[in-house]
Each structure stands twice: as structure tokens, then as C-alpha cells.
Amino acid sequence: MRKDFLHDVVKQLINQRHLLGITQDELNHTLGVADRLVSHWECGVRTPTGFHLYCWADALKSKLVIIPEEIEIQVLINQLQKELANDNSHVCKTPVNDNILAVSEKKIKLTN
């Protein structure tokens, strides 16, 4: 497991990969990168470029989101609700530290 500045981001990407049931080899193939590169990114042997981080998240049906530390959770919830009001999708999941905010049109639920 990584111990550097990407620790939290990579941890979420690993969790999402497991959730989707995708192997590291499958992800290597999807991204078009060398064998074992995803493994090296996940354990901290190599550091992905910003472009590779974007592609990695995209391949896992996710987005990288920057959330300022000082933002209050209620402000974030309100912003997500506004986005959903303009979107036809029913559920939006956005990583927030180790929690996932599950936001729907009628309910907001924090899950671990």
C-alpha cells in the first residue's frame, strides 16, 4: 500500500476496482499500459501521471474531484443536490475522504 501523497486517492481507486470486480490485469489492458503497472501504482512502486490518474478513474466509472478542506459537508451536499436537479441520473456518488456521499433526489445518506 502507498504511503505517499497519493495514498487516499489510490485507496479509493482500489476500493472502486474491487467493487466493480475488475482485476489489475484487466485494468492494465483497459488502460493500455504495461503488465503489472496498475499493481505498481497501487503499491507505490511507481507514481501515475495526472493523465493516467484521470484515465484510471474513468476506467473505473469514477471521477477525480477536488474538495477544499475547509468546505463544510452541508455545502457539498447542497452543491450535489443542485447538480442532480439539472441531471437525469438518479444517484451520484462522489468520494469524500473515506466516505461515499450517496445523493439522490429525495435522500442524502452518508455511508462508510
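Residues numbered from 1 in each chain as written. Predicted model: local features only at pLDDT ≥ 70, side-chain atom pairs only at ≥ 80, totals over all residues. Heavy atoms only, no water.

Caption draft 1: Region of interest: the overall build of the protein chain. Helix and strand counts for the protein chain stand at 5 helices and 3 strands. Overall, the protein chain shows an N-to-C arrangement of helices and strands of α-α-α-α-α-β-β-β. By the burial criterion, 25% of the 112 residues in the protein chain qualify as buried. Long-range pairs, those at least 24 residues apart, make up 46% of the contacts in the protein chain between residues at least 6 apart in sequence. Accessible surface, the protein chain as shown: approximately 8100 Å² in total, 52% of it carbon and sulfur. (Helix = DSSP H or I, 4+ residues; strand = E, 2+ residues; numbered from the N terminus. Buried < 20%, exposed > 50% of the residue type's maximum accessible area, 1.4 Å probe, protein only. Contact = heavy atoms within 4.5 Å. Areas by Shrake-Rupley, 256 points an atom, 1.4 Å probe, with all protein chains shown as cover.)

Caption draft 2: Highlighting the side chain of Glu42. By the element assignment, Glu42 lies in helix H3 (residues 37–43). Contacts of Glu42, omitting those with residues within four sequence positions, involve Met1, Arg2, Val10, Ile14, Arg17, Gln24 and Trp56.

Caption draft 3: Structural detail: the nonpolar core. Counting residues in each nonpolar core, the largest one holds 14 residues, and the members touching the most others are Leu13, Leu27, Leu31, Val38, Trp41 and Trp56. Every element with two or more residues in this core is listed here: helix H1 (7–20), helix H2 (24–31), H3 and helix H4 (50–59). Setting aside residues no more than four positions away along its own chain, Leu13 makes contact with Leu53, Trp56, Ala57 and Leu60. (Core = buried A, V, L, I, M, F, W, Y, C linked by side-chain atoms within 4.5 Å.)

Caption draft 4: Representation of H4 within the structure. For H4, the set of buried residues is Leu53, Trp56 and Ala57. Down the axis of H4, the buried side of the element spans an arc of 95°, and every buried residue falls inside it. Of the exposed residues in H4, the ones pointing more than 90 degrees away from its buried face are Phe51 and Tyr54. (Arc of directions from axis to C-beta.)

Caption draft 5: Quick peek at a nonpolar patch on the surface. Nonpolar side chains collect at one region of the surface, where Val9, Tyr54 and Leu64 lie side by side and expose about 270 Å² of accessible area between them. Tracing the backbone shows Tyr54 in helix H4. Judged by relative accessible area, which is 53%, Tyr54 ranks as exposed. (Patch = residues over 30% accessible without salt bridge, like charges linked within 9 Å, V, L, I, M, F, W, Y side chains within 5 Å. Salt bridge = Lys/Arg side-chain N within 4 Å of Asp/Glu carboxyl O.)

Caption draft 6: Representation of the packing of H1 against H4 in the model. For the pair H1 and H4, interaxial distance at closest approach is 10 Å and the crossing angle is 30°. The angle between the axes of H1 and H4 places the two elements in the roughly parallel class. Between H1 and H4 the crossing geometry is left-handed. Of the residues in H4, those touching H1 at Val9, Val10 and Leu13 are Leu53, Trp56 and Ala57. Looking at the contact of H1 with H4 residue by residue, the classes come out as 6 nonpolar, no polar and no charged. (Axes fitted to C-alpha atoms, helices over the stretch in contact; angles between N-to-C directions. Parallel < 35°, antiparallel > 145°, perpendicular 65-115°, else oblique. Left-handed = near helix turned anticlockwise from the far one by under 90°. Nonpolar A, V, L, I, M, F, W, Y, C, P; charged D, E, K, R; others polar.)

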